[in-house]
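# Structural characterization, general
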Amino acid sequence: MEVDAIYNLACPASPIHYQRHPVQTIKTSVVGAVNMLGLAKRLNIPILQASTSEVYGDPKVSPQSEDYWGNVNPIGIRACYDEGKRAAETLFFDYRRKHDVNTGVFRIFNTYGPRMAKNDGRVVSNFIVAALADAPLTIHGTGWQTRSFCYVDDLVDGIIKFANSKEIGPINLGNPGEFTVDELATIIIQKVNKGYKEYVERTVDDPRQRKPDIGLAKQKLLWEPKTDLS
Ligand code: UDP
């Protein structure tokens, strides 16, 4: 294929989907990265990697800045995604050092927006779909775990700013507004005016907190999200 640049966004990102196909998931991230980096090298073109806040695992520091190395279980059910994306970052930096490939790595935090599949499985769309049906919003565990939710237009704007910069990353892209999953359920029930909470078992290795430090993106890309969760 002859192309001018590569944005490597391949890989299922919803836990229920990647956990259904763990071997294909890690192959997509690792073998896929090798293939795309080889293409970028041959064509001498820039290549960007969509990495993830999951490289921080169940973080012991908050907010997470790019220099935090993370806390990932290498053999758990999330590892196919977390370790796949971590190995892909390694490949991107080694291709830069060894083969002079023009690489960039950005780390996407939880993102939501229109046209997500109803069965995507991630929390924002799951809760909205449940509320609209006046069905239970299933909260995993206590609901005290936190996430920070970025609107898709803001994220895309950040990715384009990064692509047009000379930065190599890794750089966090996300919205630093932090909410518990329980708060998110309350907000959605109030807005839709339907639905109710139901507490189910906590999922294995579910990160307890997640909030991006976006100081680097603010400083280097003059970027920050504009759309708040509400
Ligand atoms: N979650 C939940 N109910 C759902 C879907 C997700 O309580 O129906 C929780 C999940 O356990 C996690 C958070 O919401 O703590 C975010 O999950 P999601 O699958 O959206 O993405 P993650 O950040 O875990 O990759």
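In this text the structure is predicted, and so the values were computed from the model without any measurement.

Below, the discussion takes up the packing of aromatic side chains. Aromatic rings in a pair are described by how distant their centres are and how their planes are angled relative to each other. The full count for this structure, using the stated rule, is five aromatic pairs. With a centroid separation of 4.6 Å and 5 degrees between ring planes, the pair formed by Tyr18 and Tyr81 is classed as stacked. Here Tyr18, found in helix 1 (residues 15-20), pairs with Tyr81, found in helix 3 (residues 79-99); they are 63 residues apart in sequence, far enough to count as distant. Comparing Tyr18 with Tyr81 shows no difference in burial state: the two are buried. Arranged with centres 6.1 Å apart and planes meeting at 40 degrees, the rings of Tyr56 and Phe109 form a pair that is tilted. Residue Tyr56 is found in the loop between strand 2 (47-52) and helix 3, and its partner Phe109 is found in the loop between strand 3 (103-108) and strand 4 (111-112); the two are separated by 53 residues along the sequence. Here Phe109 falls in the buried class, since its relative accessible area comes to 2%. A network of ring pairs unites the aromatic residues Tyr56, Tyr68 and Phe109 as a single cluster.

This brings us to the packing of helix 2 (residues 22-43) against helix 3. Viewed as axis vectors pointing N to C, helix 2 and helix 3 meet at an angle of 15 degrees, and their least axial separation amounts to 8 Å. By the angle class used here, helix 2 and helix 3 are roughly parallel. Like other packed secondary-structure pairs, helix 2 and helix 3 cross with a definite hand, here right-handed. Here Pro22, Thr25, Ile26, Ser29, Val30, Ala33, Val34, Leu37, Gly38 and Lys41 of helix 2 lie close against helix 3, whose contacting residues are Cys80, Tyr81, Gly84, Lys85, Ala87, Ala88, Leu91, Phe92, Tyr95 and His99.

A word on the site of the ligand. By nearness alone, 18 residues border the ligand, and Val123, Thr138, Arg147, Asp206 and Arg210 come closest of all. With respect to the ligand, the backbone of Thr138 contributes an N or O atom lying 2.6 Å from a nitrogen atom. Arg210 is positioned with one of its side-chain polar atoms (N or O) 2.7 Å from an oxygen atom of the ligand. Its free accessible area being 520 Å², the ligand has 95% of it covered by the protein chains. Contributions of two or more residues to the shell around the ligand are made by helix 4 (123-132) and strand 5 (136-140). Of the residues in the shell around the ligand, the class split is five nonpolar, seven polar and six charged.

Criteria and thresholds
- Residues numbered from 1 in each chain as written.
- Predicted model: local features only at pLDDT ≥ 70, side-chain atom pairs only at ≥ 80, totals over all residues.
- Heavy atoms only, no water.
- Phe/Tyr/Trp six-rings, centres within 6.5 Å; stacked < 30°, edge-to-face > 60°.
- Helix = DSSP H or I, 4+ residues; strand = E, 2+ residues; numbered from the N terminus.
- Buried < 20%, exposed > 50% of the residue type's maximum accessible area, 1.4 Å probe, protein only.
- Axes fitted to C-alpha atoms, helices over the stretch in contact; angles between N-to-C directions.
- Parallel < 35°, antiparallel > 145°, perpendicular 65-115°, else oblique.
- Left-handed = near helix turned anticlockwise from the far one by under 90°.
- Contact = heavy atoms within 4.5 Å.
- Near = heavy atom within 4 Å.
- Polar contact = N/O pair within 3.5 Å; in protein donor to acceptor, adjacent residues only side chain to side chain.
- Areas by Shrake-Rupley, 256 points an atom, 1.4 Å probe, with all protein chains shown as cover.
- Nonpolar A, V, L, I, M, F, W, Y, C, P; charged D, E, K, R; others polar.

These results come straight from atomic positions and should not be treated as a statement about function.
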